[in-house]
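# Summary of structural features
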Amino acid sequence: MVLDGRILFQRFSGRDWWFLPGGRVEMQEDSIAAVARELAEEYGWRIKDRKLKLVVENFFRLDGRDFHEIGMYYLIGLEDRVRPVDGEFAGKEENLVSKWIGIGELARHKIVPPFLKDAALFEEILSSDTVKHLICR
């Protein structure tokens, strides 16, 4: 979610890296429904509209295991009035900490996957009407 030039990120309590809100689809759930469900569960927010902006094949290693994640990234609009706040804040899930990070500040944070630290990528996504496909190894 992007508001006022800032992007919403989360981290798990006890971890030092940030990631975008979201999660996995449930059985028989499409990605559009998953985005709506995840934001409702994590923040209580209702989605008004969404636009697919990125499809990412991300290969990474975490806690000694190899992963191949296929992510669908949406630009969303909310029915609810939300304003970015400064500093960290809690959502509805107690094990998550959230923070709005300015697009120009991304490189100064530990963000995963690493391609999300690329401010130029966000500027391109926000100004384009196409869906971008990335492969990150």
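Preceding block: the structure.
Here we summarise the structure given alongside this text. (Residues numbered from 1 in each chain as written. Predicted model: local features only at pLDDT ≥ 70, side-chain atom pairs only at ≥ 80, totals over all residues. Heavy atoms only, no water.)

Summing up its helical and strand segments, the protein chain has 2 helices and 7 strands in all. Shown N-terminal to C-terminal, the secondary structure of the protein chain runs as helices and strands in the order β-β-α-β-β-β-β-α-β. Computed over C-alpha atoms, the radius of gyration of the protein chain comes to 15 Å, within 12% of the 14 Å expected from 2.2 N^0.38 for 137 residues, which places it in the range of a compact globule. With the C-alpha coordinates aligned to their principal axes, the bounding extent of the protein chain is approximately 35 × 35 × 35 Å. (Helix = DSSP H or I, 4+ residues; strand = E, 2+ residues; numbered from the N terminus. Rg over C-alpha atoms; globule rule 2.2 N^0.38 Å.)

Here we come to the sheet that holds strand E3 (residues 47-62). Spatial ordering of the open sheet is given by E4-E3-E7, a layout of 3 strands whose pairing is mixed. Each edge of the sheet is formed by a strand with only one pairing partner; in this case those strands are strand E4 (65-78) and strand E7 (132-136). Averaged over all pairs of adjacent strands, the angle between strand axes in this sheet comes to 20 degrees, irrespective of strand direction. Sheet analysis places E3 next to E7, joined by 5 bridges and oriented parallel. Residue pairing across strands places Val56 opposite Leu134, the latter belonging to E7. Along the sheet, helix H1 (residues 31-43) contacts E3 and E4; its crossing angle with E4, the most-contacted strand, is approximately 80 degrees. (Pairing = 2+ DSSP bridges. Axes fitted to C-alpha atoms, helices over the stretch in contact; angles between N-to-C directions. Contact = heavy atoms within 4.5 Å.)

Burial within strand E2 (residues 6-12) is extensive, with 5 of its 7 residues counted as buried. Taken together, strand E1 (residues 2-3) and the strand that follows it, E2, pair antiparallel across an intervening segment of 2 residues, in which Asp4 is found at a positive phi of about 50 degrees. Here 7 bridges tie E2 to strand E6 (residues 96-102), and the two strands are oriented antiparallel to one another. For Phe9, the partnering residue across the bridge sits in E6 and is Lys99. (Buried < 20%, exposed > 50% of the residue type's maximum accessible area, 1.4 Å probe, protein only.)

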